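Residue strings, one per chain:
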Amino acid sequence: MDKVISISPSTLSKLIANKELFLLFDLRSQEKYNHGHITGASHAVCDSKTKETIMPKIPKNVKIILVDDDGTVSKETAEMMRTMQFDSYYLDGGMNNWNGNIVSGSISDSISSVDLWKKLNDKDEYDNLLLLDVREPEEYADFRIAGSINLPLQELTKKENLDNLPHDKQIITICPHGNRAKIASFMLENNNIESKTLKGGLANWNQVLIDRKDGDSDPLIIQVHKIGKGCLSHIVVSEKEAVVIDPLYPIEKYLEISTSEGFKITKVLNTHQHADHISAANDLAQISGAEWYESGYESWDFPTKFLKDKDVIKFGNSFLKVIHTPGHTPGSLCYLVNDKYLFTGDILFIESVGRPDLRDKIYDFSHDLYHSLHNKIFKLPLKVNIYPTHHGESVSPNKYGIYKATIEIARKNKILELSENDFVNEIVKISTPRPKNYTRIIQINKGVIPLLQEEIPNLELGPNRCSIQ
Ligand SMILES: [Fe+2]
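What you see is a predicted model, and the numbers here were worked out from it, not measured in a lab.

Undergrad: Is there a simple way to think about the overall build of the protein chain in this case?
TA: When helices and strands are counted, the protein chain shows 18 helices and 25 strands. Along the three orthogonal principal directions, the C-alpha set of the protein chain runs to about 80 × 50 × 45 Å. Residues counted as buried form 55% of the 469 residues belonging to the protein chain. The contacts in the protein chain between residues at least 6 apart in sequence include a share of 64% that link residues at least 24 apart. Split by element, the accessible area of the protein chain, about 20700 Å² in all, is 49% carbon and sulfur.

Okay, here's the thing in structure tokens:
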């Protein structure tokens with residue numbers, strides 16, 4: 001077995017010199033790798049998690065050479081990988097036996113989600129970017145960064161695919177957590193194509209919050225946008241007193257804005273029990289010392305205050321009226337501020353309406369949704385601005401980056417012209433998959449299951465799916 005899967009230092013030197021296509025993984029510690037590694041080697045961790053999640057995605061049609069200190073762990077790993085049909089080898093004697101070139105530092109560069117967002121919003125930088133998503137096609141079809149292209153990791157071993165990649169663009173490699181993307185960047189680098197990996201992958205991208213002010217009058221509305229997921233939350237400030245509606249993690253964003261704008265968060269509320277993201281209401285209320293309110297028509301295992309239809313909350317010189325609008329959930333509430341600004345949660349979006357099927361009573365909820373829309377929201381003046389809790393991929397923000405519309409615009413939707421029965425018959429045909437992990441997310445948001453903060457990125461990985469389209 002040794003003779004078959006071991007590679008001598010001189011053979012490895014020749015492979016490097018001849019620029020042959022192979023993957024060279026250094027299994028030593030990150031510290032040792034950074035201190036000095038063989039030219040072209042990528043740092044790799046081989047544990048049970050890697051074996052389960054990353055190895056199945058590594059190409060099997062390319063030679064893999066493993067390196068460690070002395071050729072012991074690398075030999076075991078190469079043998080194990082052989083049982084998984086990899087063409088794997090190990091460097092005989094490891095780094096102790098290597099006299100060839102050594103380089104230091106990290107081989108592939110990375111870019112943070114926030115920096116990528118900045119580039120995507122700069123016209124010149126955007127034109128110069130190529131977002132290369134190296135996940136499998138079904139993963140890409142489910143959820144992706146807008147504008148990215150899909151080339152699964154396995155496909156990067158094909159010369160024609162590499163030749164087709166533009167050499168004049170900044171390539172960003174993307175995967176769920178950054179592991180496959182690192183291998184992709186490594187494979188590109190071996191073919192003289194520069195790239196950066198998206199640090200922390202899509203799980204990290206999904207946790208970035210961006211804030212924008214909608215004007216500068218009182219009340220001031222600040223929209224906080226979870227860019228990767230299309231979740232929207234809102235801070236409404238009147239005379240330095242703020243109400244936060246549908247707060248998202250990470251809550252540091254709200255605390256930063258509160259400090260920079262000089263207001264105090266006094267009330268924290270949700271429009272409904274969310275199914276696609278973890279609500280930050282509990283933590284934000286505790287840290288900011290604010291009062292925490294939830295819908296009085298839903299069950300909660302938290303000691304919150306409850307809101308019912310027609311309740312009024314005063315803050316600064318403004319007031320917020322509660323409107324019970326069941327349909328998406330039984331307890332969904334809309335909040336009307338100063339009779340001008342309506343926070344619609346997941347009942348009415350700019351381009352769609354909320355899905356009524358996440359609580360298993362789709363017919364009843366569809367009728368409720370119809371009545372909430374037609375007999376409550378559409379009875380308000382048409383010029384009232386709506387601020388929903390999500391936006392779809394097809395919707396663009398206004399020129400200031402804000403997602404909002406008047407009721408007049410939002411109701412220009414064919415489904416909203418239907419009679420009640422036709423509306424219900426249309427809505428129950430919904431075929432959009434349910435949000436990932438939605439039952440667990442609901443249980444956490446209700447307070448039935450305790451939240452582990454480190455769970456949030458993985459629980460929220462994936463698109464928002466709260467509308468019917
Ligand atoms: Fe929702």
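Undergrad: Looking at this model, I keep getting lost on the coordination of the iron ion. Mind explaining?
TA: Coordination angles at a metal have ideal targets, namely 109.5 degrees for four tetrahedral donors and 90 or 180 degrees for six octahedral donors. Distances from the iron ion to its protein donors, His272 (NE2), His328 (NE2) and Asp346 (OD), fall within 2.0 to 2.3 Å. Each donor residue of the iron ion belongs to the same chain, and together they define the spacing H-x55-H-x17-D. Residue His328 is found in the loop between β21 (318-324) and β22 (333-337), and its partner Asp346 is found in the loop between β23 (341-345) and α14 (362-375); the two are separated by 18 residues along the sequence. Of the residues examined, Asp346 reaches a relative accessible area of 1% and is grouped as buried.

Undergrad: What's the story with the domain arrangement of the protein chain in this structure? I'm lost.
TA: Where interface size is quoted, it is often the accessible area lost as the parts come together. As far as domains go, the protein chain holds domain 1 (2-103), domain 2 (109-204) and domain 3 (207-459). Each of domain 1 and domain 2 has a C-alpha centre, and the two are 24 Å apart. Every contact between the two is made by 17 residues of domain 1 and, on the other side, 13 residues of domain 2. Taking both partners together, domain 1 and domain 2 bury about 1200 Å²; carbon and sulfur atoms supply 66% of that area. Area buried by domain 1 at its contact with domain 2 is led by Leu21, Ile54 and Lys57, which between them contribute 41% of it. Applying the counting criterion to the domain 1 and domain 2 interface returns zero salt bridges. Counting across the domain 1 and domain 2 interface gives zero residue pairs in polar contact (both at pLDDT 80 or more). Sorting elements by how many residues they give to the side of domain 1 that touches domain 2 places strand β2 (residues 22-26) first, with four residues. Class assignment for the residues of the side of domain 1 that touches domain 2 results in eleven nonpolar, three polar and three charged.

Undergrad: Sorry, what's going on with the side chain of Ser332 here?
TA: On the secondary structure map, Ser332 appears in the loop between β21 and β22. Dropping the residues within four chain positions of it, Ser332 is found in contact with Thr271, His272, Glu298, Ile323, His324, Thr325, Pro326 and Ile347.

Undergrad: Looking at this structure, I do not really get the pattern of salt bridges. What am I missing?
TA: Opposite charge on two side chains lets them pair, provided their charged atoms get close. For the structure on display, the rule yields 25 salt bridges. We note a salt bridge from Asp309 to Lys310, for which the minimum N-O separation is 3.3 Å. For Lys310, a relative accessible area of 69% gives the class exposed. Through salt bridges with shared partners, a single network forms among Glu241, Lys267, Glu291 and Lys305.

Undergrad: How do you make sense of the pairing of strand β24 (residues 385-388) when you look at a structure like this?
TA: Side chains Asn385 and Tyr387 project from β24 onto one buried face, and the interleaved Ile386 and Pro388 project onto a second face that is buried too. With four bridges joining them, β23 and β24 adopt parallel strand pairing. When the bridges of β24 are listed, Gly345 appears paired with Pro388. Where β24 meets strand β25 (residues 405-406), two bridges bridge the pair, whose relative direction is antiparallel. Of the residues in β25, the one forming a bridge with Ile386 is Ala405.

Quick notes on the rules
Residues numbered from 1 in each chain as written. Predicted model: local features only at pLDDT ≥ 70, side-chain atom pairs only at ≥ 80, totals over all residues. Heavy atoms only, no water. Helix = DSSP H or I, 4+ residues; strand = E, 2+ residues; numbered from the N terminus. Buried < 20%, exposed > 50% of the residue type's maximum accessible area, 1.4 Å probe, protein only. Contact = heavy atoms within 4.5 Å. Areas by Shrake-Rupley, 256 points an atom, 1.4 Å probe, with all protein chains shown as cover. Donors = N, O, S within 2.8 Å, 3.2 Å for Na, K, Ca; no water. Domains from an automatic or database assignment. Buried area = accessible area lost by both parts, 1.4 Å probe. Salt bridge = Lys/Arg side-chain N within 4 Å of Asp/Glu carboxyl O. Polar contact = N/O pair within 3.5 Å; in protein donor to acceptor, adjacent residues only side chain to side chain. Nonpolar A, V, L, I, M, F, W, Y, C, P; charged D, E, K, R; others polar. Pairing = 2+ DSSP bridges.

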